[in-house]
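Below, each chain spelled out in residue letters.
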Amino acid sequence: MTDIFSETKKSILKISKKFNLNENAVEKFLEPARVLEVKIPVKLKNGQTKVFQGFRSQHNNKLGPYKGGIRFHPQVTKEEVMALSLWMSLKCAVADLPYGGAKGGVIVDPKTLSERELEDLSRGYARAIYDVIGADRDVPAPDVNTNPKIMSWMVDEYVKISKEKKVQIPENILYATFTGKPDKDHGLAGRTEATGFGGVVVLKELVQRLGLKSENQMVAVQGFGNVGLYFAQFAADNGFKVVAVSDSKGAITEKNHQFKALDIPLVLKCKKEKGMVSGCYCVGGVCDLSKGRPLTNEELLELPVDILVPSALENVINKKNMTKIKAKIIIEMANGPVSYEAYEYLTKKGVVIVPDILANAGGVTGSYIEWKQNIENKKYKKEETLKMIEGIMELAFDNIWNEAINLKTHLKEASTVHALKKLLV
Ligand code: GLU
């Protein structure tokens with residue numbers, strides 16, 4: 001079986017050939033500059049020490065410091081982290097941010113760890129990659145299963161080590177080494193919402209270009225973490241009908257295919273009580289499960305909605321289920337949720353797919369504002385942040401839309417070529 005990194009390289013080379021980019025330069029670009037492999041020993045509460053394996057792939061820094069999240073997941077592999085770091089290089093170029101691309105990962109199921117063990121693992125990872133990161137070198141952030149609390153442990157460890165080493169860097173710059181920190185702890189108001197917010201900016205632009213009305217569009221969102229939740233919320237605020245949502249345990253929608261707009265804040269409240277969204281059919285201020293239909297995540301993807309928003313993991317729309325997808329628009333809020341094969345198939349069928357490197361760039365854009373805020377020793381208000389993200393995302397969408405028209409192709413090829421033109425030397 002070919003791995004995700006090889007597949008990504010193959011598909012980018014194919015695109016490069018089609019658009020006559022310099023093949024040697026593309027081949028050189030594709031390989032990460034450095035992939036660090038680390039071992040992190042953590043003393044578990046049963047007294048035993050478990051050694052976790054982690055990675056940091058620094059892909060390309062032509063446009064600025066390496067930038068990208070750290071994921072904690074049992075299925076993390078070196079190749080996955082390398083592919084994700086390559087996507088970050090493309091994503092930062094698409095959003096026109098002064099950053100290169102990187103990604104980190106630790107092979108772990110964080111749900112099996114106690115709070116103490118998770119803190120030790122987070123601090124241990126920061127210590128292990130200490131030498132290769134910094135506000136002007138490589139700036140990590142959250143990704144799948146990592147959050148502001150984990151970032152605050154990591155940056156605290158980073159600042160502690162820097163002080164022990166008597167590093168002559170002002171404290172505010174040391175804090176700029178990690179983004180996605182808690183708002184009250186050197187972070188940015190609005191960073192948590194940034195990815196979902198940016199995705200809805202892109203969706204609004206797309207709907208307008210296609211001459212559609214947001215009020216008539218039914219949306220299904222897969223994933224109810226920070227990305228999916230805020231996407232659903234901002235989409236609902238902008239008049240879209242979010243009719244189905246899911247988390248890792250399952251999905252919920254209306255019982256008799258009479259799709260109704262869900263009350264997202266209430267679904268969230270209910271999920272916090274019940275521990276899963278599939279028990280939460282909430283519409284117009286009332287939760288009443290008898291009117292709802294619990295679904296599997298796979299069934300959610302195949303619903304006859306207008307817009308599908310995969311916001312969880314990669315490769316959920318693939319060769320096996322691509323023929324069953326009914327949505328006319330897909331917004332890739334996760335990284336790589338639509339496989340290359342499925343992308344080609346669905347695009348040929350007329351489905352418009354906004355690729356991840358454009359659709360979810362609101363997150364790293366939020367990170368950029370946080371980093372800038374730390375470096376400039378300022379504190380931005382949430383409204384200012386969201387306004388800035390809106391401007392950057394609108395411009396990015398416009399650039400890619402025009403590139404697609406220029407190249408007479410779809411948005412994925414357009415965004416890849418647009419990014420590569422900036423990145424090749
Ligand atoms: N993990 C997010 C992404 O894949 C954010 C990265 C960042 O803020 O650096 O885009």
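In case you missed it, the structure is sitting above this.
Worth saying up front: this structure is predicted, and the values here are computed from it rather than measured. (Residues numbered from 1 in each chain as written. Predicted model: local features only at pLDDT ≥ 70, side-chain atom pairs only at ≥ 80, totals over all residues. Heavy atoms only, no water.)

J.: Would you take a moment to explain helix α4 (residues 115-128) for this structure?
T.: For the α-helix, the turn length of 3.6 residues means that residues three or four positions removed from each other point alike. Here α4 is 14 residues long and its end C-alpha atoms lie 20 Å apart, about the 20 Å a rise of 1.5 Å per residue gives. Within α4 the residues assigned to the buried category are Glu117, Leu118, Glu119, Leu121, Ser122, Arg123, Gly124, Tyr125 and Ala126. On the buried face of α4, the contacting elements are β1 (34-43), β2 (49-60), β3 (66-73), β4 (101-107) and α5 (148-164). (Helix = DSSP H or I, 4+ residues; strand = E, 2+ residues; numbered from the N terminus. Expected span 1.5 Å × (residues − 1). Buried < 20%, exposed > 50% of the residue type's maximum accessible area, 1.4 Å probe, protein only. Contact = heavy atoms within 4.5 Å.)

J.: Just to check I follow, could you spell out the environment of glutamine 233 for this structure?
T.: Within the fold, glutamine 233 resides in helix α8 (residues 226-237). For glutamine 233, a relative accessible area of 19% corresponds to the buried category. Sequence-wise, glutamine 233 and leucine 268 are 35 residues apart; in three dimensions their C-alpha atoms are separated by 9.9 Å. Not counting residues within four places of it along the chain, the set of residues in contact with glutamine 233 comprises Ile264 and Pro265. Here the side chain of glutamine 233 touches aspartate 237 through a polar contact of 2.9 Å, side chain to side chain. (Polar contact = N/O pair within 3.5 Å; in protein donor to acceptor, adjacent residues only side chain to side chain.)

J.: In this structure, what is going on with the site of the ligand? I would like to understand it.
T.: Around the ligand, a shell composed of 14 residues is seen, among which Lys67, Lys91, Pro142, Asp143 and Ser367 lie nearest. Taking serine 367, its side chain carries an N or O atom lying 2.5 Å from an oxygen atom of the ligand. Taken by itself the ligand offers 290 Å² of open surface, and the protein chains cover 94% of this. Elements with a minimum of two residues in the shell around the ligand: β3, α3 (78-94), β5 (138-142) and α13 (361-375). Taken together, the residues of the shell around the ligand break down into 4 nonpolar, 5 polar and 5 charged. (Near = heavy atom within 4 Å. Areas by Shrake-Rupley, 256 points an atom, 1.4 Å probe, with all protein chains shown as cover. Nonpolar A, V, L, I, M, F, W, Y, C, P; charged D, E, K, R; others polar.)

J.: Which parts of the structure should I look at to understand helix α14 (residues 382-407)?
T.: Under the 1.5 Å per step criterion, the end-to-end length of α14 is 37 Å for 26 residues, consistent within 8% with the ideal 38 Å. Turning to α14, its buried residues number three or more, namely Thr385, Leu386, Ile389, Glu390, Met393, Ala396, Phe397, Ile400, Trp401, Glu403 and Ala404. Against α3, α7 (191-209), α8, α12 (356-359), α13 and α15 (411-423) lie the buried residues of α14.

J.: Can you walk me through the packing of aromatic side chains in this structure?
T.: Each pair of aromatic rings is reported with the distance of its centres and the angle of its planes. Evaluation of the coordinates by the stated rule reveals 7 aromatic pairs. Three or more aromatic residues joined by ring pairs form one cluster here, namely Tyr99, Tyr368 and Trp371. (Phe/Tyr/Trp six-rings, centres within 6.5 Å; stacked < 30°, edge-to-face > 60°.)

J.: Looking at this structure, I do not really get unusual backbone geometry. What am I missing?
T.: Note: most peptide bonds trans; most residues except glycine with negative phi. Here asparagine 20, not a glycine, exhibits a phi torsion of approximately 55°, which is positive. Even without glycine at this site, aspartate 96 takes up a positive phi of about 60°.

J.: How do you make sense of the pairing of strand β12 (residues 307-310) when you look at a structure like this?
T.: Two faces make up the sheet, and in a regular strand the side chains alternate between them. Burial along β12 is two-sided: the residues Ile307 and Val309 and Leu308 and Pro310 are all buried. Bridging between strand β6 (residues 218-222) and β12 involves 4 bridges; their strand directions are parallel. Bridged to valine 219 within β12 is isoleucine 307. The pairing of β12 with strand β13 (residues 329-331) spans 2 bridges and is parallel. Paired with leucine 308 across the strands is isoleucine 330, a residue of β13. (Pairing = 2+ DSSP bridges.)

J.: Looking at this model, I keep getting lost on the state of the cysteines. Mind explaining?
T.: Disulfides are covalent bonds that connect the sulfur atoms of two cysteines. Overall, the coordinates contain 2 disulfides when judged by the stated rule. Two residues share a disulfide in this structure: cysteine 270 and cysteine 280, whose sulfurs sit 2.0 Å from each other. Across the S-S bond of cysteine 270 and cysteine 280 the torsion is about -85°, and the bridge reads as left-handed. One end of the pair, cysteine 270, is in helix α9 (residues 264-274); the other, cysteine 280, is in the loop between α9 and β9 (282-283), and 10 residues separate them in sequence. When its relative accessible area of 0% is taken as the criterion, cysteine 280 is described as buried. Disulfide pairing is shown between cysteine 282 and cysteine 287; the S-S distance is 2.1 Å. In this structure, the disulfide formed by cysteine 282 and cysteine 287 twists by about 100° around the S-S bond and is classed as right-handed. On the accessibility criterion, cysteine 282 (0% relative accessible area) is buried. (Disulfide = S-S within 2.5 Å.)

J.: Help me out: how do you make sense of the sheet that holds β2 in this one?
T.: With mixed pairing, the 5 strands of this open sheet are ordered in space as β1-β2-β4-β3-β5. Every interior strand has two partners, whereas the edge strands, β1 and β5, have only one. Within this sheet the neighbouring strands show an average axis-to-axis angle of 25°, counted without direction. Pairing of β1 with β2 involves 10 bridges; the strand directions are antiparallel. Directly across from valine 38, in β2, lies its bridge partner glycine 54. Running over the sheet, α4 touches β1, β2, β3 and β4 and is turned about 145° from β1. (Axes fitted to C-alpha atoms, helices over the stretch in contact; angles between N-to-C directions.)

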